[in-house]
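# Notes for the structure review
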Amino acid sequence: MGKVTISTLDKMKANGEKFVCITAYDATFARIISDVGAETILVGDSLGMVLQGHDSTIPVTMEHMAYHTECVCRAAPDSLVIADMPFMSYTSPKQTMKNATELMQAGAQMVKMEGGTWLSDSISMLVERGIPVCAHLGLTPQSVNQFGGFKVQGRTPKEAKSILADAVEIQDAGASLLVLECIPAELATDISSKLDIPVIGIGAGAGTDAQVLVMHDLLGLSEHTARFVENFMAGQTTIQGALGAFVKAVKSGEYPRDEHTYN
Ligand code: KIV
Ligand code: NA
């Protein structure tokens, strides 16, 4: 594949080619995910749930994120590596810059932050200094207590309008990518077509430019999974086969289907 960069992803969006993101937290899975052709790897703060056994991502610290980012990047994957900024690690531009620097020096090629308009100054500050940013809107799990649970977002016209406005603003601030999580497919499709930057969906229907799933979920290992998760181990005999099947299903448009989608 050759090392994937943000230019690769921009070109894929322009050509209408879907790309793939899978989470990884260690070197072995990072190598496999890169080998099966996923363009991007997310070192997600979902590690708080799937590795550490917490019921949210809130307990995850910068130390945890830097450690797992180093583990993933030591595999030298061809995939572009995005590292999550954990809960409360980006409350001011200055704190954001220090913590984003740490994740980039751990080997990431981009950092991800949950939020919209209020992040604009932090995003432009990072981008001006050479740190690419992925934003994350919709169901932003670090705000689970504010939402009162892991709930689909953007269902009312007012909420939908606000998510679209946030998306436009973070693009204007200089973000390179956007993750949309658990929003109606129609809204995600609308945002993906209005934005120039590639949009990665999870529980956001088939109209985004890319799809991401937590690796443990797509391997059928998680106890409770949301409607949008498919077990790609079904019919496979190896983990490599299952991860490869996910990559293929996203690229061919076979995943996600209506049954995975919120309307
Ligand atoms: O932490 C994570 O794995 C994520 C994805 C689910 C988008 O943020
Ligand atoms: Na995350």
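The rules we used
- Residues numbered from 1 in each chain as written.
- Chains lettered and ligands numbered in written order.
- Predicted model: local features only at pLDDT ≥ 70, side-chain atom pairs only at ≥ 80, totals over all residues.
- Helix = DSSP H or I, 4+ residues; strand = E, 2+ residues; numbered from the N terminus.
- Buried ≥ 20, exposed ≤ 12 C-beta atoms within 10 Å, placed from the backbone.
- Contact = placed C-beta atoms within 7 Å.
- Axes fitted to C-alpha atoms, helices over the stretch in contact; angles between N-to-C directions.
- Parallel < 35°, antiparallel > 145°, perpendicular 65-115°, else oblique.
- Left-handed = near helix turned anticlockwise from the far one by under 90°.
- Core = buried A, V, L, I, M, F, W, Y, C linked by C-beta atoms within 7 Å.
- UniProt positions renumbered as here; feature names shortened; annotations may be inferred.
- Pairing = 2+ DSSP bridges.

## Focus on the overall build of the protein chain
Check the secondary structure of the protein chain and you find eleven helices and eight strands. In terms of principal-axis extent, the alpha carbons of the protein chain reach across some 50 × 40 × 40 Å. By residue count, 50% of the 263 residues in the protein chain fall in the buried class. Once local pairs closer than 6 in sequence are excluded, the contacts in the protein chain between residues at least 24 apart make up 62%.

## Some remarks on the packing of helix H5 (residues 93-105) against helix H6 (residues 120-128)
Packing of H5 against H6 brings their axes to within 9 Å, and their N-to-C directions diverge by 45 degrees. It follows from the interaxial angle that H5 and H6 lie oblique. You can see that H5 and H6 cross each other, and the crossing is right-handed. The residues of H6 that touch H5, namely those facing Pro-93, Thr-96, Met-97 and Ala-100, are Asp-121, Ser-122, Met-125 and Leu-126.

## Some thoughts on the nonpolar core
If you look at the biggest cluster of nonpolar residues, it comprises 83 residues, and the most contacted ones within it are Ile-22 and Leu-178. The biggest single contributor to this core is helix H11 (residues 239-252), with six residues. Excluding anything up to four places from it in sequence, Leu-178 contacts Cys-134, Ala-135, Leu-137, Ala-167, Ile-170, Leu-195, Ile-197 and Val-199.

## Concerning the environment of Glu-70
Structurally, Glu-70 is set in helix H4 (residues 62-73). With 38 residues separating them in the primary sequence, Glu-70 and Ala-108 have C-alpha atoms 8.1 Å apart. With residues up to four places along the chain from it excluded, the contact list for Glu-70 reads Ala-106 and Gly-107.

## Things to note about the UniProt feature "binding site: 3-methyl-2-oxobutanoate" (unreviewed entry) in the protein chain
When the UniProt feature table is mapped to this numbering, "binding site: 3-methyl-2-oxobutanoate" (unreviewed entry) covers Asp-45, Ser-46, Asp-84 and Lys-112. A maximum C-alpha distance of 12.5 Å places the annotated residues, which cover 68 residues in sequence, within one compact spot. In this structure, Ser-46 sits in the loop between strand E2 (40-43) and helix H3 (47-50). Ser-46 sits in the buried class, given 21 other C-beta atoms within 10 Å. You can see Asp-84 is positioned in strand E3 (residues 80-84).

## So, the UniProt feature "active site" (unreviewed entry) in the protein chain
Cross-referencing UniProt, the feature "active site" (unreviewed entry) maps to Glu-181 in the present numbering. Excluding its chain neighbours within four sequence positions, the residues that come into contact with Glu-181 are His-136, Gly-138, Leu-139, Thr-140, Ile-202, Gly-203 and Ala-204.

## Observations concerning the packing of H4 against H5
Running from N to C, H4 and H5 point in directions that differ by 25 degrees, and their axes come no closer than 8 Å. Here H5 runs roughly parallel to H4, going by the angle between their axes. Residues Met-62, Met-65, Ala-66 and Thr-69 of H4 form the contact with H5, whose own contacting residues are Asn-99, Glu-102 and Leu-103.

## Quick notes on the sheet that holds E3
What the eight strands build is a closed barrel, ordered E1-E2-E3-E4-E5-E6-E7-E8; its pairing is parallel. In this sheet, neighbouring strand axes are inclined to one another by 25 degrees on average, regardless of whether the strands run parallel or antiparallel. Looking at chain direction, E3 and strand E4 (residues 110-114) are connected through three bridges and run parallel. Residue Asp-84 lies in a different strand from E4, and its bridge partner there is Lys-112.

## Examining the environment of Thr-140
Position of Thr-140 relative to the elements: it lies in the loop between strand E5 (133-138) and helix H7 (144-147). Here Thr-140 falls in the buried class, since 20 other C-beta atoms lie within 10 Å of it. When the C-alpha positions of Thr-140 and Ser-92 are compared, they lie 18 Å apart, and in sequence the two are 48 residues distant. With sequence-adjacent residues up to four places away left out, Thr-140 is seen in contact with Glu-114, Gly-115 and Glu-181.

## Looking at the pairing of E5
Of all six residues in E5, six are buried; the element is thus mostly enclosed. Side-chain alternation along E5 places Val-133, Ala-135 and Leu-137 on one buried face and Cys-134, His-136 and Gly-138 on a second face that is also buried. Pairing of E4 with E5, which is carried by four bridges, proceeds in the parallel orientation. Each bridged residue has a counterpart across the sheet, and for Val-111 the counterpart in E5 is Val-133. Strand direction decides the pairing type here: E5 and strand E6 (residues 177-181), joined by five bridges, are parallel. Counterpart to Ala-135 in the pairing with E6 is Leu-178.

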